Amino acid sequence: MFVAFIIALASNTRQPRYTIQDYHILGRELHLDVLRNQITRNLGILTKGLAAELDRGLKTWWGTDSQWKNIRAFDSCLKIVGAAANSVIFGPSLCRNHRFIYLLSVHAIILFIGGTLINVSPRLLKPIVGFPIKVASRYYYNQILKLCLPLVQDRLNKTVAWRDGLADEWSPPSDGLQWMIEEAFTKTDPTELDVKRLSERLIFLNDVSMHTSAFTLQSLLQRLAASDPRDEYIETLRNEARTVLSKFNGEWTREGVQNLVLLDSTIRESIRLSPFVIFGLPRTVVDPNGVLVKAHGSEYTLPFGGSIALPIEDTHYDEQVYPNAKTFQPFRFVHLDDGVTPLKSMGTLRLTKTAVTLDEHFYGFGYGKHGCPGRFFVVHEIKLIMANILLNYDIKHIQSPTEPFNIMWLKLPINDPILQIRRRVSGIESREGI
Ligand code: HEM
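Model, not experiment: these values are computed from the prediction. The numbers attached to residues start from 1 for each chain and follow its sequence in the written order. For this predicted model, a pLDDT threshold of at least 70 governs which residues receive local features, and a threshold of 80 or more governs which side-chain atom pairs are given and counted, while totals over whole chains, interfaces and linings are taken from all residues. The side-chain figures draw on all heavy atoms in the structure; neither hydrogens nor water molecules are used.

Caption draft 1: The overall build of the protein chain, seen in detail. For the purposes of this entry, the term helix denotes a DSSP run of H or I that reaches at least four residues, the term strand denotes a run of E that reaches at least two, and both are numbered from the N terminus. When you go through the protein chain residue by residue, the secondary structure sums to 16 helices and 11 strands. Against the 2.2 N^0.38 benchmark of 22 Å for 434 residues, the protein chain shows a C-alpha radius of gyration of 22 Å, consistent with a compact globule. Each principal axis of the C-alpha distribution contributes one length, and for the protein chain these read about 70 × 55 × 35 Å. Nonlocal contacts in the protein chain, meaning residues at least 24 apart in sequence, comprise 75% of its contacts between residues at least 6 apart. A radius of gyration in this sense is built from C-alpha atoms; the matching globule rule multiplies 2.2 Å by the number of residues raised to 0.38. Contacts were defined at the residue level, with two residues in contact if any of their heavy atoms lie within 4.5 Å.

Caption draft 2: How the structure looks around the coordination of the iron atom of the ligand. Donor selection uses N, O and S atoms within 2.8 Å of the metal (3.2 Å for Na, K and Ca). Since no water is included, sites may look incomplete. Among protein atoms, the single one acting as a donor to the iron atom of the ligand is Cys372 (SG), 2.3 Å away. Of note, Cys372 is situated in the loop between strand E7 (350-351) and helix H16 (375-392).

Caption draft 3: Representation of the nonpolar core within the structure. Residues enter a nonpolar core if they are buried and are Ala, Val, Leu, Ile, Met, Phe, Trp, Tyr or Cys, with the set joined through side-chain atoms within 4.5 Å. Whether a residue is buried, partly exposed or exposed follows from its accessible area with a 1.4 Å probe, protein chains only, as a fraction of its type maximum: under 20%, in between, or over 50%, in that order. Membership of the largest hydrophobic core comes to 103 residues, with the highest contact counts inside it found for Trp62, Phe90, Leu221, Met386 and Ile389. Once residues lying within four places of it in the same chain are set aside, the contact partners of Phe90 are Phe100, Cys148, Leu151, Val152, Arg155, Asp175, Leu177, Ser199, Leu202, Ile203 and Asn206. Core analysis: the second largest hydrophobic core is formed by 8 residues, Val277, Leu281, Tyr367 and Leu412 among them.

Caption draft 4: Focus on the environment of Gly57. Assignment of secondary structure puts Gly57 in helix H5 (residues 43-61). Assessed through its relative accessible area of 10%, Gly57 is described here as buried. For the pair formed by Gly57 and Gly114, sequence separation is 57 residues and the distance between their alpha carbons is 29 Å. Excluding its chain neighbours within four sequence positions, the residues that come into contact with Gly57 are Trp62 and Ile80.

Caption draft 5: Here's a closer look at unusual backbone geometry. Within the chain, Leu281 stands out as a residue other than glycine whose phi angle is a positive 50°. Its identity is not glycine, yet Asn324 carries a phi of approximately 55°, on the positive side. For Asn324, the location among the structural elements is in the loop between helix H15 (312-316) and strand E6 (334-335).

Caption draft 6: Expanded view of the pattern of salt bridges. One side-chain nitrogen of Lys or Arg within 4 Å of one carboxyl oxygen of Asp or Glu is enough to make a salt bridge. Scanning the model with the defined rule gives 23 salt bridges in all. The partner of Lys59 in a salt bridge is Asp55, and the shortest N-O contact between them spans 2.9 Å. Of this pair, Lys59 and Asp55 both sit in helix H5, 4 residues apart, which is roughly one turn of the helix. In the salt-bridge network here, residues are joined through shared partners; they are Glu235, Arg238, Asp394, Arg422 and Arg424.

Honestly, that's just the spatial picture; any functional story needs more than this.
Here it is, written out as structure tokens:
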């Protein structure tokens, strides 16, 4: 109901005064342009490297043993998607540095938890609560810079030389760092090329993406592991992955990933059931006159400085929109003619809603102007890793998913669930290792 008004409001939920070192980056969000215009549009050329990095991560953190073993679902997903996403954001050399990925993940936690703590503190106490958060955020920021600044500086030097026609041997790689540098060159403000500023923009992309991606992936794995084996959801999705991979000659491409229709629906359904917040999309009214809200025949004014948020879980559990809303129905968003089962109609299925479609009954990726610009990338990434898992791993059935802890409006997987997995002997690897 408040949806139309979200756009009129501004977000201060990240508490950037305390959590962001270079406040300027939020005033001019070049990193969002890179995400929307470069990373999303170039998913085709990024797919091969991303798939290879996900495969490497799975083999490292899940192993290749055909005996059952325990893995910590959230922790391993964080390491795998954190590294793979950084093969795209900072490029392939740093993404395999485990310490770098660890530092990024801690920095992101400080931003989210710290921002939330400052938000719930009374105005007068905010500086006191914010101070240790600022110190911790700066510490981790500096540790991250120690590792990434030499790379960013080197890339900038090479780009300058290349632009001057002095680097015949070198050609610009296709990754977030390079696109960030090129975006900065299009601006007249030379400070956009400052190596710390370039780095913080890429660190920010990690801040907003690492834990949300890992949370989504571990929820999906748990939902599938807890599904009734008689429903054959895993087998159906595995069959889809196998069919699509062989149609595309054993190599994942953007088009091939788009063909994973059942998996797409499964991802949307899992996010619907397990959004990472109970209430979300908080906004503060910044118009001095307040914002007029009309709903159910009445109207009222949200005052200047007031805060609102959307009831995400309640919206997602609305029985009028989603019959049996609390039940996991992975193919809920697939158009199925009467009597047709997903397993039999492979290749002819259409989606009623894709995983990235924003609407008033699904706030998993936000809504409107500030809807998640990373959703095309992350759904692509989750489809790639899930296809790999389905083809190469078995996951032991569990009774029910472990619910995360609800702390204020956040859902935190502090009680990191254990899953049992094993490498499938008959696993199918794509040519470059899915
Ligand atoms: C499954 C994983 C993800 C989920 C569930 C998710 C969810 C969201 C949501 C709900 C918002 C809106 C927040 C608001 O309006 O207050 C948002 C914003 C954002 N997301 Fe995501 N996100 C995910 C992954 C990613 C990834 C992988 C990236 C980048 C690579 C990313 C980048 C962003 C950015 C930059 C914003 C801020 C947009 C703005 O302020 O205009 N997200 N995300």
